[in-house]
Amino acid sequence: MGLREAAEHHLPYTLAALRYARANDRTFPGPAGKRGAELLYRIGDLKRWARNRPRAASGTADLD
């Protein structure tokens, strides 16, 4: 499954956030295949990655 389909139907992240994570997060799962120029990922791997992402501690965002 491509990142666009995963973002639209399966994950609580935008396509831009997934693309950023793919480029900058070493724990992002590797592609399982290719369809043309599009990299394909296993949805289970993406869901596991999303579930295991560290969350920011509450109260750390300074909104003032």
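The rules behind the values
Residues numbered from 1 in each chain as written. Predicted model: local features only at pLDDT ≥ 70, side-chain atom pairs only at ≥ 80, totals over all residues. Heavy atoms only, no water. Helix = DSSP H or I, 4+ residues; strand = E, 2+ residues; numbered from the N terminus. Buried < 20%, exposed > 50% of the residue type's maximum accessible area, 1.4 Å probe, protein only. Contact = heavy atoms within 4.5 Å. Areas by Shrake-Rupley, 256 points an atom, 1.4 Å probe, with all protein chains shown as cover. Salt bridge = Lys/Arg side-chain N within 4 Å of Asp/Glu carboxyl O. Phe/Tyr/Trp six-rings, centres within 6.5 Å; stacked < 30°, edge-to-face > 60°.

1. Regarding the overall build of the chain
When helices and strands are counted, the chain shows three helices and two strands. Secondary structure elements in the chain, listed N-terminal to C-terminal, are α-α-β-β-α. Expressed as a percentage of the 64 residues in the chain, the buried residues total 27%. For the chain, the share of sequence-separated contacts (at least 6 apart) that also reach a separation of at least 24 residues comes to 43%. By element, 50% of the accessible surface of the chain is carried by carbon and sulfur atoms, the whole surface being about 4900 Å².

2. Observations regarding the pattern of salt bridges
Counted according to the given criterion, the structure contains three salt bridges. Linking E38 and R35 is a salt bridge whose minimum nitrogen-to-oxygen distance equals 2.9 Å. In this structure R35 comes out as partly exposed when scored by relative accessible area, which is 49%. The partner of D45 in a salt bridge is R42, and the shortest N-O contact between them spans 3.8 Å. Three or more residues joined by partner-sharing salt bridges are found here, namely R42, D45 and R48.

3. Topic: the packing of aromatic side chains
One pass over the full model with this rule turns up three aromatic pairs. Measuring from ring centre to ring centre gives 5.7 Å for F28 and Y41, while their planes differ by 75 degrees; the resulting arrangement is edge-to-face. Residue F28 is located in the loop between helix 2 (15-24) and strand 1 (33-35), and its partner Y41 is located in the loop between strand 2 (38-40) and helix 3 (43-52); the two are separated by 13 residues in the primary sequence. Looking at F28, the relative accessible area reads 8%, which means it is buried. Between the aromatic rings of F28 and W49, the centroid separation amounts to 4.9 Å while the plane-to-plane angle is 75 degrees, which identifies the pairing as edge-to-face. Of this pair, F28 sits in the loop between helix 2 and strand 1 while W49 sits in helix 3, and the two are 21 residues apart along the sequence. Take W49: its relative accessible area is 6%, and that puts it in the buried class. Connected via pairs of aromatic rings, a cluster forms that spans Y13, F28, Y41 and W49.

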